[in-house]
Amino acid sequence: MGFLSVSNVHHTYFSSEAATDALQDIHFSVEKGEFVSILGASGCGKSTLLSIIAGLLTPTMGTVTIDGQPVIDNEQLSIGYMLQQDYLFPWKTIEENVTLGLTILQKKDEQSREIAIQLLQDVGLPHVEKKFPRELSGGMRQRVALARTLAVDPKILLLDEPFSALDYKSKLTLEDLVSKMLKDYSKTAVLVTHDIGEAIAMSDRIFLLSAKPGKLYKTFEVPQELIELPPFETRSHASYSTLFQLIWKELESLEHENTL
Ligand code: ADP
Ligand code: MG
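Just so it is clear, the model here is predicted, and its values are computed rather than measured.

Caption draft 1: Layout of the site of ligand 1. Residues in close proximity to ligand 1 include Y13, A22, A41, S42, G43, C44, G45, K46, S47 and T48, which together make up its full environment. Within the backbone of C44, a nitrogen or oxygen atom sits 3.2 Å from an oxygen atom of ligand 1. Measuring from an oxygen atom of ligand 1, one finds a side-chain N or O atom of T48 at 2.5 Å. Isolated, ligand 1 exposes 570 Å² of accessible area, and the fraction of that covered by the protein chains is 58%. Ranked by the residues each element gives to the shell around ligand 1, the list is headed by helix α1 (residues 46-53), at 3 residues. Counted by class, the shell around ligand 1 contains 4 nonpolar, 5 polar and 1 charged residues.

Structure representation (structure tokens):
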């Protein structure tokens, strides 16, 4: 059993008119310190799967464990969750936003302040702690969101398209930063994305999901020479294009199947 273990997960959304099968027979495990991506077209069930891993949504069937513990109703597990929107509180300063989780966990004020300032420095944002979110750019706000996510020292990070609302340059810069921070802090991470390049640049392994219902269609191992590079440099390596083409063809054949 891996550090994160997803076993036999099915999920159906029920409404008064319809039942939507969102996920079927999802089974995989992730080792400690590994970075995996869940890649797939819009609507294929990626966010549903991530919410289930986070313990925010109970699957219709199946189980998820992290470090041997079930995620459902488990207050002991600290899970970091980063979304496309940063969800910073506009009326709180940057420092207060970063220490929010620590305050909830009742760490001492002075200790949480030190953690916050160190993390803000690590994400390349010194001297912003007294500012408010509206004074920062989108890319800077996502850096704050990353600092806040790491502040509680989560066992695992779940990232749901965290770069997709950013301009291209901020996105590439943030990819490098997130990758470096997660390596430095030896974190296990699951990234959800519809961007093949991002999945290759960031991950050790990629799970490709098919749609309607979402199923684990294929797993790709990212070659070691790419894993060793920061995401930005990965994109200009010859092996990157080879893997990109391979995944692209699989995605195309999936779309073809869906339109038959
Ligand atoms: P993705 O993140 O890959 O875009 P989602 O997990 O958001 O996909 O959605 C997967 C499927 O489940 C889609 O068909 C979507 O319409 C449906 N779905 C998502 N959330 C709900 C919900 N709360 N109620 C009903 N159907 C939903
Ligand atoms: Mg989604």
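Caption draft 2: Just helix α5 (residues 168-184), in detail. End to end, α5 covers 24 Å across 17 residues, agreeing with the expected 24 Å (1.5 Å per residue, within 8%). Within the span of α5, buried status applies to S170, K171, L172, L174, E175, L177, V178, S179, M181 and L182. Backbone geometry just downstream of α5 places S186 in the positive-phi region, at approximately 45 degrees.

Caption draft 3: Seen up close, the environment of T149. Position of T149 relative to the elements: it lies in helix α4 (residues 138-151). Assessed through its relative accessible area of 6%, T149 is described here as buried. Apart from the residues within four sequence positions on either side, T149 is in contact with G80, Y81, M82, P154 and L157.

Caption draft 4: Fine view of the pattern of salt bridges. Per the stated rule, a full pass over the model turns up 12 salt bridges. A salt bridge links R113 to E95; its shortest N-O distance comes to 2.7 Å. Taken together, the residues R113 in helix α3 (residues 109-122) and E95 in helix α2 (residues 94-104) connect sequence positions 18 residues apart. Residue classification places R113 among the partly exposed residues on the basis of a relative accessible area of 30%. On the accessibility criterion, E95 (12% relative accessible area) is buried. Between D153 and K187 there is a salt bridge, and its shortest N-O distance comes to 2.6 Å. Of this pair, D153 sits in the loop between α4 and β7 (156-160) while K187 is found in the loop between α5 and β8 (188-193), placing the two residues 34 residues apart along the sequence. What makes K187 buried here is its relative accessible area of 9%. Members of the salt-bridge network, linked through shared partners, are K171, E175, D195, E198 and R235.

Caption draft 5: Representation of the pairing of strand β2 (residues 19-30). By the bridge criterion, 8 bridges tie strand β1 (residues 4-14) to β2 in an arrangement that is antiparallel. Bridged to F14 within β2 is A19. Taken together, β1 and the strand that follows it, β2, pair antiparallel across an intervening segment of 4 residues.

Caption draft 6: Just the packing of α2 against α3, in detail. Their axes nearest at 9 Å, the elements α2 and α3 cross at an angle of 120 degrees. For the element pair α2 / α3, the angle class is oblique. For the pair α2 and α3, the sense of crossing is right-handed. Between α2 and α3, the contacting residues are I94, E95, V98, T99 and L102 on the first element and S112, R113, I115, A116, I117 and L120 on the second.

Caption draft 7: α2, seen in detail. Three or more residues of α2 are buried, namely I94, E95, N97, V98, T99 and L102. Where α2 is buried, its residues meet α3 and α4. Just past α2, the residue Q106 takes up positive phi, approximately 60 degrees.

Caption draft 8: Region of the structure containing the packing of α3 against α4. For the pair α3 and α4, the least separation of the axes is 9 Å and the interaxial angle reads 135 degrees. As summarised for this structure, α3 and α4 are arranged oblique, according to the angle between their axes. Considering how the two elements wind past one another, α3 and α4 form a crossing that is right-handed. For the pair formed by α3 and α4, the contact residues are I115, L119 and L120 on the first element and V144, A147, L150 and A151 on the second.

Calculation notes
- Residues numbered from 1 in each chain as written.
- Chains lettered and ligands numbered in written order.
- Predicted model: local features only at pLDDT ≥ 70, side-chain atom pairs only at ≥ 80, totals over all residues.
- Heavy atoms only, no water.
- Near = heavy atom within 4 Å.
- Polar contact = N/O pair within 3.5 Å; in protein donor to acceptor, adjacent residues only side chain to side chain.
- Areas by Shrake-Rupley, 256 points an atom, 1.4 Å probe, with all protein chains shown as cover.
- Helix = DSSP H or I, 4+ residues; strand = E, 2+ residues; numbered from the N terminus.
- Nonpolar A, V, L, I, M, F, W, Y, C, P; charged D, E, K, R; others polar.
- Expected span 1.5 Å × (residues − 1).
- Buried < 20%, exposed > 50% of the residue type's maximum accessible area, 1.4 Å probe, protein only.
- Contact = heavy atoms within 4.5 Å.
- Salt bridge = Lys/Arg side-chain N within 4 Å of Asp/Glu carboxyl O.
- Pairing = 2+ DSSP bridges.
- Axes fitted to C-alpha atoms, helices over the stretch in contact; angles between N-to-C directions.
- Parallel < 35°, antiparallel > 145°, perpendicular 65-115°, else oblique.
- Left-handed = near helix turned anticlockwise from the far one by under 90°.

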